[in-house]
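Structure at a glance
Chain by chain, the residues:
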Amino acid sequence: YEVLLAYDRATGIEMLEKETPDLLFLDNNLSDGLGWPLLPEILKKYPALKVFLISAYHPQVPIIPEKAYVRLLEKPISFARLNGLLRELATS
């Protein structure tokens, strides 16, 4: 896997425009604001993107298009749960 990291919303959006990722792990609490509210716009531009929403608490989940692949991961992240979700993706 090639892994790219962005620590804030602005850098993440910039990287999405330059790269074509298969997966996006989107934390809600970023240094320059909340990440989850970006989800509708991200999915509008990249409808095939698989998204994992990450948070240590349960904020309101944005409206998700019906065919979008979006899963929730609660912190601390369980590697067993993550591995199961990645297996699910590999078999779909």
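To be clear, the structure that these remarks concern was listed above.
1. So, the packing of aromatic side chains
- By the definition in use, this model includes two aromatic pairs.
- Ring geometry for F25 against F52: centres 4.8 Å apart, planes inclined by 10°, an arrangement best described as stacked. Placement of the pair is F25 in strand β1 (residues 23-27) and F52 in strand β4 (residues 50-55), with a sequence separation of 27 residues.
- Between the aromatic rings of F52 and Y69, the centroid separation amounts to 6.0 Å while the plane-to-plane angle is 70°, which identifies the pairing as edge-to-face. Of this pair, F52 sits in strand β4 while Y69 sits in strand β5 (residues 69-74), and the two are 17 residues apart along the sequence.
- On the basis of relative accessible area, F52 is assigned to the buried category, the value being 0%.
- Taken together, the aromatic side chains of F25, F52 and Y69 make up a single cluster linked through ring pairs.

2. A look at unusual backbone geometry
- For the peptide bond that leads from K75 to P76, omega is -5°, which places it in the cis range.
- Relative to the elements of secondary structure, P76 occurs in the loop between β5 and α3 (79-91).

3. With respect to the layout of surface pockets
- A volume near 1000 Å³ is recorded for the largest pocket.
- Around the largest pocket, the lining comprises 30 residues; the ones closest to its centre are V3, L4, L23, L24 and F25.
- Put simply, the parts of the chain that give the lining of the largest pocket at least two residues each are α1 (9-18), β1 and α3.
- Residues that form the lining of the largest pocket fall into these classes: 22 nonpolar, two polar and six charged.

4. Remarks on the side chain of N28
- Relative to the helices and strands, N28 is located in the loop between β1 and β2 (29-30).
- With a relative accessible area of 2%, N28 lands in the buried category.
- A polar atom in the side chain of N28 sits 3.3 Å from the side chain of Y57.

5. Focus: the pattern of salt bridges
- A complete count under the given rule lists four salt bridges for this structure.
- With a closest N to O distance of 3.4 Å, K18 and E14 form a salt bridge. With K18 and E14 both in helix α1, this residue pair falls four residues apart, about one helical turn.
- Overall, the relative accessible area of 63% leaves K18 in the exposed class.
- A salt bridge links K45 to E17, with the nearest nitrogen and oxygen atoms 3.5 Å apart. Residue K45 is located in helix α2 (residues 39-45), and its partner E17 is located in helix α1; the two are separated by 28 residues in the primary sequence.
- Assessed through its relative accessible area of 47%, K45 is described here as partly exposed.

Definitions and cut-offs
- Residues numbered from 1 in each chain as written.
- Predicted model: local features only at pLDDT ≥ 70, side-chain atom pairs only at ≥ 80, totals over all residues.
- Heavy atoms only, no water.
- Phe/Tyr/Trp six-rings, centres within 6.5 Å; stacked < 30°, edge-to-face > 60°.
- Helix = DSSP H or I, 4+ residues; strand = E, 2+ residues; numbered from the N terminus.
- Buried < 20%, exposed > 50% of the residue type's maximum accessible area, 1.4 Å probe, protein only.
- 1 Å grid on protein atoms, 1.4 Å probe; cavity = no way out; pocket = protein on both sides within 12 Å on 5 of 7 lines; lining within 4 Å.
- Points joined across faces, edges and corners; volume = space filled by probe spheres on them.
- Nonpolar A, V, L, I, M, F, W, Y, C, P; charged D, E, K, R; others polar.
- Polar contact = N/O pair within 3.5 Å; in protein donor to acceptor, adjacent residues only side chain to side chain.
- Salt bridge = Lys/Arg side-chain N within 4 Å of Asp/Glu carboxyl O.

Read these as spatial facts, not as claims about activity.
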